[in-house]
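Chains, contacts and geometry: an overview
These are the residues of each chain, in order.
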Amino acid sequence: MPLFRNLTKIAKQALLSNGCSCQFPAVTFRLMSWSPRQLNVDASFHSASFAESDHPRVLITGGLGQLGIGLAKLLRKHFGKNNVILSDIRKPTDDVFHSGPFIYSDILDYKNLREIVVNNRITWLIHYSALLSAVGEANVPLARSVNITGLHNVLDIAAEHNLRLFVPSTIGAFGPTSPRNPTPDLCVQRPRTIYGVSKVHAELMGEYYHHKYGMDFRCLRYPGIISADTQPGGGTTDYAVQIFHDAVKTEKFECYLRPETKLPMMYIDDCLRATLEILEAPAEQLKMRTYNISAMSFTPEELVTEVQKHLSDFKVTYKVDKVRQEIADSWPMEFDDHNARQDWGWKHEYDLPELVFTMLNFCTTARQLMQAN
């Protein structure tokens, strides 16, 4: 360390010297109090940062996406409004801003993220920042940066500051050579999208940090998540969200997947509850770091039939998007989630009829309120 300090001092003097007309390339150093490479492999990080009687201090990255706002609301009910901090690089709406703590956070800015964790005494980090499947394929360099480089920043900070880290994975973490019906927790994955590749990378890196350094890493493979209060974010399963908005608004919908394309799905309330349950589960119950979770599987055709039970005039046409269809054809048709049900008691509450009834009611009410205003 003395040698490093001396070299740094010499470099600064050289760069600040007025007698030099040379231009030096910018070099970024990541300064940490330690590196994971310097850790004792027997170190343990299982929730040692707060007592059992205390509430966790939670930071949610990418908090303005489909899941972050809802999860923050749920966690604030359990742990207190001021113990859950939403973060994003976008400006929140007024209602989100006033609902609880919000802070600007760019996961690619290591120093900024580290300061937030330290200054707010964070103990749980929920990492939702990511570019989804279709959006990621349209901008692979950005997806690689956000989904992989951002993950590395989060992993290092979580290890350094003894955090419980949750990173969601996805049905997109599987590929065309994976068993599709059903898809078990452990099998060949080999995804064909940058989104899927980055999620497999996250699963393996998290498991590695857990076994190497004892970091408390937890991960759920989400199916397609259906919610009414956020707009679709560029995922392949987003048709199952947009269909409800269009059904209520125009009673017409154009689907970009073939009618027989079957995929695992889940209503957002089940998803958020599963996330809270895996975060709260005692460490000794978790026999693996990454679990499948599921609630139902259906095709666009089956979903349309269920919607038409409520809106008999609803009409659907199909205009297949080649990119999204190829992605969907490489993903699981059914998720085998028996390990989650067995190890920590996962159980879904919403099936397809309940999902459709809930979504249509929500979208109808929201549209009526908008028209009234």
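Low-pLDDT portions of the prediction should not be read for the details of their coordinates. The predicted model of the protein chain averages 88 in pLDDT, with 86% of residues at 70 or higher. Low pLDDT, under 50, characterises residues 1-35; the stretch is placed with 17 contacts to residues that sit more than four places away or in other chains. With pLDDT under 50 throughout, residues 37-53 is counted as low confidence; its partners more than four residues away or in other chains account for 27 contacts.

Across all of its chains, the model carries 16 salt bridges by this definition. A salt bridge links Asp88 to Arg90; the shortest N-O distance between them is 3.7 Å. Accessibility expressed as a relative area gives 46% for Arg90, which makes it partly exposed. Across the pair Arg164 and Asp216 runs a salt bridge whose closest N-O atoms are separated by 2.8 Å. Of this pair, Arg164 sits in strand β5 (residues 164-166) while Asp216 sits in strand β7 (residues 216-222); the two residues are 52 residues apart in sequence, bridging distant segments of the chain. Judged by relative accessible area, Asp216 falls into the buried class, the value being 0%. Linked by salt bridges that have partners in common, Arg164, Asp216, Arg218 and Arg289 make up one network.

Glancing now at the sheet that holds strand β12 (residues 296-298). Reading across from one edge, β8-β10-β12 is the order of the 3 strands in this open sheet, with mixed pairing throughout. Taken across any chain shown, the strands that pair with only one partner, and hence form the sheet edges, are β8 (224-226) and β12. Adjacent strand axes in the sheet meet at a mean angle of 45°, parallel and antiparallel pairs treated alike. On the sheet, helix α9 (residues 268-280) packs against β8 and β10 (263-267) and is oriented at approximately 80° with respect to β10.

Between Asn181 and Pro182 the backbone carries a cis peptide bond, its omega angle lying at 5°. For Pro182, the location among the structural elements is in the loop between β6 (169-170) and α7 (194-213). Its identity as a non-glycine residue notwithstanding, Arg121 has a phi of 55°, on the positive side. Residue classification places Arg121 among the exposed positions, given a relative accessible area of 60%. A positive phi angle, close to 60°, is found at Asn162, a residue other than glycine. Here Asn162 shows up in the loop between α6 (140-160) and β5.

Parameters and conventions
Residues numbered from 1 in each chain as written. Predicted model: local features only at pLDDT ≥ 70, side-chain atom pairs only at ≥ 80, totals over all residues. Heavy atoms only, no water. pLDDT = per-residue confidence, 0-100. Contact = heavy atoms within 4.5 Å. Salt bridge = Lys/Arg side-chain N within 4 Å of Asp/Glu carboxyl O. Buried < 20%, exposed > 50% of the residue type's maximum accessible area, 1.4 Å probe, protein only. Helix = DSSP H or I, 4+ residues; strand = E, 2+ residues; numbered from the N terminus. Pairing = 2+ DSSP bridges. Axes fitted to C-alpha atoms, helices over the stretch in contact; angles between N-to-C directions.

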